[in-house]
Amino acid sequence: MRKLFARKPEPLPDTFTLDIGGEEIPVRVTRNARAKRYLLRIPADSRGPVLTVPQNGTFETALEFAERHRGWLAEKLKQRPETTGLREGASIPLRGVEHTIVRTGRLRGLVEVTDGGENPEIRVPGAEEHLARKLTDWLKREARADLETAVDRHAQNIPKKPSGITVRDTTSRWGSCASNGRLSFSWRLVLAPADILDYVAAHEVAHLIEMNHGPRFWALCRRLAPHTDEARRWLKHNGSRLHHIG
């Protein structure tokens, strides 16, 4: 009896460039065995477009697909928020309030926040070349502290408790709940207003009871966080900007 072997998909390049208005835009390429069709999208991160290729798709067809959608891509790139680097003088939100990043001029010390007055500041010590790393590390610690407080408060209202919390730089989701009860969150939630972080914490705590997005899940989520619907709308309209900071 002759054995049948599936044909091995052709290798794909990691990236290719597409001319958009005279500018060469790099497009990342990824193969997805579950994809039913070619898909061009712009993720929430600031690294540029991604072209998904089905399991048996070819790079030639992928290029043709990208060319056909050049106009759509140009419009989406035009609408994308500008990236805000973590550098002196830049303005970033902290718990929903715009703060200006300022270097203290001191080589050592702690990151400080001045909330008084009309121009709140985040004051960062150390050399300029270390500012982005120091500020990112500080923001992650602040996010963890806020999330631990919110998760603990919501977990008091259900019979299950999380096994732990992880804070990451995720781009596809604001939070997740693993089957072992470990919750994971994006550190960028500390940039959003406090009630947005609170909602995401409640959302993942609710998953400890309901590992789905059915009616019972949303009922529990809204019981834990009555502002669920408003927070979801806020993330839909404003979440993209948070991913373009840093």
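Reference entry: report on the structure contained in this document. Note that this is a predicted model, so its numbers are computed, not measured.

**Let's talk about the sheet that holds strand β8 (residues 121-124)**
Ordered in space as β5-β6-β8-β7, the four strands form an open sheet in which the pairing is mixed. With one partner strand each, in any of the chains shown, β5 (91-94) and β7 (112-114) form the two edges of the open sheet. With strand direction ignored, the average angle separating the axes of adjacent strands in the sheet is 35°. Note that strand β6 (residues 97-103) and β8 share four bridges and pair parallel.

**Considerations on the pattern of salt bridges**
Across all of its chains, the model carries twelve salt bridges by this definition. The closest approach of N and O atoms between Arg70 and Glu67, which form a salt bridge, is 2.1 Å. The class for Arg70 is partly exposed, based on a relative accessible area of 28%. A salt bridge links Arg95 to Glu142, with the nearest nitrogen and oxygen atoms 2.8 Å apart. You can see Arg95 sitting in the loop between β5 and β6 and its partner Glu142 sitting in helix α3 (residues 131-155), a full 47 residues away along the chain. In this structure Glu142 comes out as partly exposed when scored by relative accessible area, which is 23%. One salt-bridge network, in which partners are shared between bridges, spans Arg95, Glu142 and Asp146.

**Overview of unusual backbone geometry**
Backbone geometry at Arg95 places phi at a positive 50°, although glycine is not the residue there. With a relative accessible area of 31%, Arg95 lands in the partly exposed category.

**So, α3**
Residues three or four positions apart in an α-helix share a direction because the helix packs 3.6 residues into each turn. With 25 residues, α3 should reach 36 Å at 1.5 Å per residue; the first-to-last C-alpha distance of 36 Å fits that figure. Those residues of α3 that fall on the buried side of the exposure criterion are Leu131, Leu135, Thr136, Trp138, Leu139, Ala143, Leu147, Ala150, Val151, His154 and Ala155.

**So, the nonpolar core**
The tendency in soluble globular proteins is for nonpolar side chains to be buried side by side. In this structure, Ile92, Ile101, Ile122, Leu135, Leu139 and Phe185 are the most contacted members of the largest nonpolar core, which totals 47 residues. Among the secondary structure elements, those contributing two or more residues to this core are β5, β8, α3, β9 (164-168), β11 (182-186), α4 (194-207), α5 (215-224) and α6 (228-242). Excluding residues that lie within four positions of it along the chain, Ile92 makes contacts with Thr84, Leu86, Val97, Glu98, His99, Ile101, Ile122, Leu135, Leu139, Arg241 and Ile245. Counting 15 residues, the second-largest nonpolar core is a separate cluster that includes Phe16, Tyr38, Leu40 and Ala66.

**Considerations on the pairing of strand β1 (residues 15-20)**
Here β1 shows a buried face lined by Phe16, Leu18 and Ile20 and an unburied face lined by Thr15, Thr17 and Asp19. As defined by bridge partners, β1 adjoins strand β2 (residues 23-32) across six bridges and the pair is classed as antiparallel. Paired with Ile20 across the two strands is Glu23, which belongs to β2. In this antiparallel pair of consecutive strands, β1 and β2, the connection spans two residues, and Gly21 shows a positive phi of 60°.

**A closer look at the packing of aromatic side chains**
Following the criterion strictly, the structure yields three aromatic pairs and no others. Aromatic pair Phe217 and Trp218: ring centres 4.9 Å apart, planes at 75°, arrangement edge-to-face. Comparing Phe217 with Trp218 shows no difference in burial state: the two are buried.

**Some words on the environment of Ser179**
Its location among the elements puts Ser179 in the loop between β10 (175-177) and β11. Note: C-alpha distance between Ser179 and Val124 (55 residues apart in sequence) is 39 Å.

Here is what the cut-offs are and how they apply
- Residues numbered from 1 in each chain as written.
- Predicted model: local features only at pLDDT ≥ 70, side-chain atom pairs only at ≥ 80, totals over all residues.
- Heavy atoms only, no water.
- Pairing = 2+ DSSP bridges.
- Helix = DSSP H or I, 4+ residues; strand = E, 2+ residues; numbered from the N terminus.
- Axes fitted to C-alpha atoms, helices over the stretch in contact; angles between N-to-C directions.
- Salt bridge = Lys/Arg side-chain N within 4 Å of Asp/Glu carboxyl O.
- Buried < 20%, exposed > 50% of the residue type's maximum accessible area, 1.4 Å probe, protein only.
- Expected span 1.5 Å × (residues − 1).
- Core = buried A, V, L, I, M, F, W, Y, C linked by side-chain atoms within 4.5 Å.
- Contact = heavy atoms within 4.5 Å.
- Phe/Tyr/Trp six-rings, centres within 6.5 Å; stacked < 30°, edge-to-face > 60°.

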